[in-house]
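# Structural characterization, general
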Number of protein chains: 2
Amino acid sequence: MEPILNKVDLARELGRETAELRNELRQFLQKKIKESNWDISFELLEILGLLYKRDGMIQQEIADILIKDKSSVTYLITNLVKRDLVERTEDQTDRRNKQIFLKAKGRELIQQLGPWVEELYTKATQGIPVENIALALAIARKMNENLKL
Amino acid sequence: MEPILNKVDLARELGRETAELRNELRQFLQKKIKESNWDISFELLEILGLLYKRDGMIQQEIADILIKDKSSVTYLITNLVKRDLVERTEDQTDRRNKQIFLKAKGRELIQQLGPWVEELYTKATQGIPVENIALALAIARKMNENLKL
DNA sequence: AATAAATAGTTTGAATTCAAACAGTTTTAT
DNA sequence: ATAAAACTGTTTGAATTCAAACTATTTATT
């Protein structure tokens, strides 16, 4: 029988369980991607998915939402540009910003593979009341806020 | 005002918040490590911390607990061996296994820096009832189980 | 007893991330 | 008007991770 854990151990475990969830998603998707004609990684797919929902984001926004270092985002966007999946354009109103837009090919890819991601998340959340997931999220956010004080 | 999210979006957000928490821990610790005389990374520190609690684990156990690929664990343990912080010994009862033990220097390091990690987790969890964190963890676990069906 | 399957760890090449520094631009302060 | 601070993105070198294949050993099956 598992020992009763204190808050610190529970918090650590929470981080690990969500890391594991992400790995499982990645592995599931990796198999699906292999079966398809696309050559794309989980990380690249995440960015395409984000742009599908909100095209034209700037790199810093992508970094903030996906919790990635801005240099990682530069690296991944460059990869996507090379594959002709997105384009990088300069923001006319603020020349520090670069806007990233899906290209036709990128849109097609995410329209094909995107539903798999949703399907997996749907499967993961099956039978769990939405208010429970909302509570878990609120707790994780509170922990982050506590560290920012 | 933030729109009401569905379960899938909430689950994604949960993953991101915990990833952000980990990054914040890493950055806090990185500053502390810089102030100290040690040269160690967050990833290496995690392994030392694990061994401090349960010395003599085998590599696969470390991989399972820290949610890392076994090849990553091989890489990190090799690094720790080079720095004379741990030793790798063959398991007499099962020659597939390698047991990893802290060396005196590794023990000293984790005794000095370990409390900082605990302190940060304690700060992160301040004011949050333990049963709430336990519930968040149960939800994350349930999502993992759902994917394994 | 022999063979097949599973497990633990290593190796390799590539991808991604981390940390820091830098350049260009905009915003804020003086 | 000018300088300082902040912001965005890029670059670089190193660290870590991912994916796959491999070897050696143990366990399960025939």
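The preceding data block contains the structure.
We now turn to the structure provided with this report. (Residues numbered from 1 in each chain as written. Chains lettered and ligands numbered in written order. Predicted model: local features only at pLDDT ≥ 70, side-chain atom pairs only at ≥ 80, totals over all residues. Heavy atoms only, no water.)

## As for the side chain of N97 of chain A
Along the chain, the position of N97 of chain A falls in the loop between β2 (86–90) and β3 (98–102). Take N97 of chain A: its relative accessible area is 19%, and that puts it in the buried class. (Helix = DSSP H or I, 4+ residues; strand = E, 2+ residues; numbered from the N terminus. Buried < 20%, exposed > 50% of the residue type's maximum accessible area, 1.4 Å probe, protein only.)

## Focus: the protein's contact with DNA strand D
Neighbouring DNA strand D are 25 residues, the closest being K34, Q60 and K98 of chain A together with S41 and K68 of chain B. Backbone atoms, meaning sugar and phosphate, form 76% of the atoms of DNA strand D found within 4 Å of the protein. Separating a phosphate oxygen of DNA strand D from a side-chain N or O atom of S41 of chain B is a distance of 2.6 Å. Listed by contribution, the elements that provide at least two residues to the surface near DNA strand D are α1 (7–35), α3 (59–66) and α4 (70–82) of chain A together with α4 (70–82) of chain B. In terms of residue count, the dominant contributor to the surface near DNA strand D is α4 of chain B (five residues). The residue inventory of the surface near DNA strand D, partitioned by class, reads three nonpolar, 11 polar and 11 charged. (Near = heavy atom within 4 Å. Polar contact = N/O pair within 3.5 Å; in protein donor to acceptor, adjacent residues only side chain to side chain. Nonpolar A, V, L, I, M, F, W, Y, C, P; charged D, E, K, R; others polar.)

## Comments concerning the relation of the copies chain A and chain B
By a simple turn and slide, chain A fits onto chain B: the slide is 0.0 Å along the axis, the RMSD is 0.0 Å, and the turn is 180 degrees. Here the two chains are linked by the operation of a two-fold rotation axis. If distances are taken from each C-alpha of chain A to the rotation axis, the shortest is found for A136 of chain A, at 2.2 Å. When you check the interface residues of chain A against chain B, 100% turn up at the interface there too, and the contact is symmetric in its surfaces. (Least-squares fit on C-alpha atoms with pLDDT ≥ 70 in both. Contact = heavy atoms within 4.5 Å.)

## With respect to the interface of chain A and chain B
Across the contact, 54 residues belong to chain A and 54 residues belong to chain B. Each partner contributes to the roughly 5,300 Å² buried at the junction of chain A and chain B, and carbon and sulfur atoms together form 63% of this total. Among the residues chain A hides against chain B, the three largest losses belong to K7, I67 and L147 of chain A. Together they make up 14% of the total. There are 12 salt bridges connecting chain A and chain B. Applying the counting rule to chain A against chain B returns 23 residue pairs in polar contact (both at pLDDT 80 or more). Broken down by secondary-structure element, the contributors of at least two residues to the side of chain A that touches chain B are α1, α3, α5 (104–124) and α6 (130–148) of chain A. With 19 residues, α1 of chain A is the largest single contributor of residues to the side of chain A that touches chain B. Across the side of chain A that touches chain B, the residue classes break down as 29 nonpolar, 10 polar and 15 charged. (Buried area = accessible area lost by both parts, 1.4 Å probe. Salt bridge = Lys/Arg side-chain N within 4 Å of Asp/Glu carboxyl O.)

## Description of the sheet that holds β2 of chain A
Residues and elements named next belong to chain A. Read from one edge of the open sheet, three strands run β1-β3-β2, paired in antiparallel fashion. This sheet does not close on itself; its edge strands, each paired only once, are β1 (57–58) and β2. Across two bridges, the pairing between β1 and β3 is antiparallel. Bridged to M57 within β3 is I100. Across the sheet, α4 lies against β2 and β3, angled at about 115 degrees from β2, the strand it touches most. (Pairing = 2+ DSSP bridges. Axes fitted to C-alpha atoms, helices over the stretch in contact; angles between N-to-C directions.)

## A word on the pairing of β3 of chain A
Note that β2 of chain A and β3 of chain A share five bridges and pair antiparallel. Each residue of the ladder has a partner; that of V86 of chain A, found in β3 of chain A, is L102 of chain A.

## Brief notes about the pattern of salt bridges
Counted according to the given criterion, the structure contains 28 salt bridges over all chains. For R16 of chain B, the salt bridge identified is with E13 of chain B, shortest N-O distance 3.4 Å. Taken together, the residues R16 of chain B and E13 of chain B, both in helix α1 (residues 7–35) and three residues apart, mark about one turn of the helix. Judged by its relative accessible area of 15%, R16 of chain B falls in the buried class. Judged by its relative accessible area of 18%, E13 of chain B falls in the buried class. For K68 of chain B, the salt bridge is made with E46 of chain B, and the minimal N-O distance between the two is 4.0 Å. Placement of the pair is K68 of chain B in the loop between α3 (59–66) and α4 and E46 of chain B in helix α2 (residues 42–53), with a sequence separation of 22 residues. Classification of E46 of chain B as buried rests on a relative accessible area of 18%. Taken together, the shared-partner salt bridges in this structure form one network comprising R22, R26, E43, E46 and K68 of chain A.

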